[in-house]
Amino acid sequence: MPEYDILKDCGDSLKNVENIFVEYHSFAENPQMIGELLIILKTAGFKVYIKEAWENMKNPYKEKKGPYFDLQLNIFGYRL
């Protein structure tokens, strides 16, 4: 989870960032870190807008995992 690892390492510096974009990817064989990533952004004072980057699974109850990622999101962090 490179996105999570990078944001975790620079979490204290995020207070100096006005806007941030994260393309989040999750592989089925690894734990999803989306919750932890959103906590980092919230702690840094960001509001977030999230869009599906790619429809990896049309029916997640049947498919269980996508062909490449089980989750792919565009996360926009901004300040009011």
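Scroll up to find the structure this text is about.
Each chain carries its own residue numbering, running from 1 in the written order of its sequence. The model is predicted, so local features are restricted to residues of pLDDT at least 70 and side-chain atom pairs to those at 80 or more, both for listing and for counting; the totals for chains, interfaces and linings are taken over all residues. Processing note: side-chain calculations cover all non-hydrogen atoms of the structure and skip hydrogens and water entirely.

(A) Structural view of helix H2 (residues 34-43). Within the span of H2, buried status applies to Ile34, Leu37, Ile40 and Leu41. Down the axis of H2, the buried set is contained in an arc of 120 degrees. They therefore lie on one face. Exposed and oriented more than 90 degrees from the buried face of H2 are Ile39, Lys42 and Thr43. Taken together, the buried residues of H2 touch helix H1 (2-9), strand S1 (20-26), strand S2 (47-52) and strand S3 (71-78). Here a strand is any run of E in DSSP of at least two residues, a helix any run of H or I of at least four, and the numbering for each starts at the N terminus. Following H2 by one or two positions, Gly45 has its phi on the positive side, about 95 degrees. Throughout this description, buried means an accessible area under 20% of the type-specific maximum (1.4 Å probe, protein chains only), exposed means over 50%, and partly exposed covers the range between. What the arc covers is the set of directions going from the helix axis to the C-beta atoms. Residue contacts are counted whenever heavy atoms from the two residues lie within 4.5 Å of one another.

(B) Fine view of the pattern of salt bridges. Counted as salt bridges are all cases of a side-chain nitrogen of Lys or Arg within 4 Å of a carboxyl oxygen of Asp or Glu. By the definition in use, this model includes one salt bridge. With a shortest N-O distance of 3.1 Å, Glu55 and Lys58 are connected by a salt bridge. For Glu55, a relative accessible area of 41% gives the class partly exposed.

(C) Here's a closer look at the sheet that holds S1. One requirement defines pairing of two strands: DSSP has to find at least two bridges between them. Taken together, the three strands give an open sheet; going across it, the order is S1-S3-S2, and neighbouring strands pair in antiparallel fashion. Unpaired on one side and paired on the other, S1 and S2 mark the two borders of the sheet. In this sheet, adjacent strand axes meet at a mean angle of 25 degrees when their direction is disregarded. Pairing between S2 and S3: six bridges, direction antiparallel. Paired with Lys47 across the bridge in S3 is Tyr78. Helix axes are fitted only over the stretch in contact, all axes being lines through C-alpha atoms; the angle between N-to-C directions runs from 0 to 180 degrees.

(D) Seen up close, the environment of Lys47. With respect to the helices and strands, the residue Lys47 is situated in strand S2. Separated by 28 residues in the primary sequence, Lys47 and Asn19 have C-alpha atoms spaced 9.7 Å apart.

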